[in-house]
Amino acid sequence: SQQGEEDPQALSIQEGENATMNCSYKTSINNLQWYRQNSGRGLVHLILIRSNEREKHSGRLRVTLDTSKKSSSLLITASRAADTASYFCATPPTSGTYKYIFGTGTRLKVLA
Amino acid sequence: GAGVSQSPSNKVTEKGKDVELRCDPISGHTALYWYRQRLGQGLEFLIYFQGNSAPDKSGLPSDRFSAERTGESVSTLTIQRTQQEDSAVYLCASSLGGGLADRITDTQYFGPGTRLTVL
């Protein structure tokens, strides 16, 4: 079973609006990563936030991390039709394993 | 250079047949991952290679699944006696890899995947 759980599972918004996706995880982490997947194919790394960081920005992306609640959020501001994709959070391996744990994803649809 | 490539992009096979999927990682990347993604689901870790170290096979779902990698180059994922539940997209990713401190912040670069359909 997947450790990461994103919500909502699906999100539909108008172009120009902001989109917020949340991720919860279960174990201690060193960092958390967000990826985007277009059309069910390869994933693209978006941003990494370390466990000692609370917020990080990259262009129109803002990621927050609350280690006490074991949750993270990804905010996409001023969304565009091209942002339509699935978004996944991923937590890296803990000691003794190389297993990255990916969440189930949020399917974002931005309507033009 | 070029990104991660995978072949074939699509594979349709009959139940019980063996299939072999190929991944060409980015040159210089010592780490390589295989994942399985069922329709509408997240990624399931299958196996990890790091240089010449013994691979982490902890995600392989059964002994019908195996993977090989020669040095730091091409990897093949083999599924024997395929079953309908093996139908999925199989994704390969590579990263710079390295020691523990490096790999936990590694960025993975994904290939486009192989869509496997078992009839």
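Residues numbered from 1 in each chain as written. Chains lettered and ligands numbered in written order. Predicted model: local features only at pLDDT ≥ 70, side-chain atom pairs only at ≥ 80, totals over all residues. Heavy atoms only, no water.

Novice: Sorry, what's going on with the nonpolar core here?
Specialist: Nonpolar side chains in soluble globular proteins tend to be buried together. Counting residues in hydrophobic clusters, the biggest one holds 21 residues, and the most contacted among them are Leu32, Trp34, Leu74, Ile76, Tyr87 and Leu108 of chain A. Contributions of two or more residues to this core are made by β3 (19-24), β4 (31-37), β5 (43-50), β7 (61-66), β8 (71-76), β9 (85-91) and β11 (106-111) of chain A. Beyond its immediate chain neighbours, meaning those up to four positions away, Leu108 of chain A contacts Leu11, Ile13, Ala19, Met21, Ile76, Asp83, Thr84, Ala85 and Tyr87 of chain A. Membership of the second largest hydrophobic core comes to 20 residues, among which are Val19, Leu21, Cys92 and Val118 of chain B. (Core = buried A, V, L, I, M, F, W, Y, C linked by side-chain atoms within 4.5 Å. Buried < 20%, exposed > 50% of the residue type's maximum accessible area, 1.4 Å probe, protein only. Helix = DSSP H or I, 4+ residues; strand = E, 2+ residues; numbered from the N terminus. Contact = heavy atoms within 4.5 Å.)

Novice: Mind showing me how you'd approach the pairing of strand β6 (residues 65-69) of chain B here?
Specialist: The two faces of a sheet get side chains in turn, since along a regular strand they alternate between them. Residue and element names in this part refer to chain B. Of the two faces of β6, only the one carrying Phe65, Ala67 and Arg69 is buried; Ser66 and Glu68 on the other face are not. Here five bridges tie β6 to strand β7 (residues 75-79), and the two strands are oriented antiparallel to one another. Its bridge partner lying in β7, Arg69 is registered against Ser75. Taking the residues between adjacent antiparallel strands as the criterion, β6 and β7 are bridged by five residues, where Gly71 takes a positive phi near 60°. (Pairing = 2+ DSSP bridges.)

Taken by themselves, the reported measurements are silent on function.
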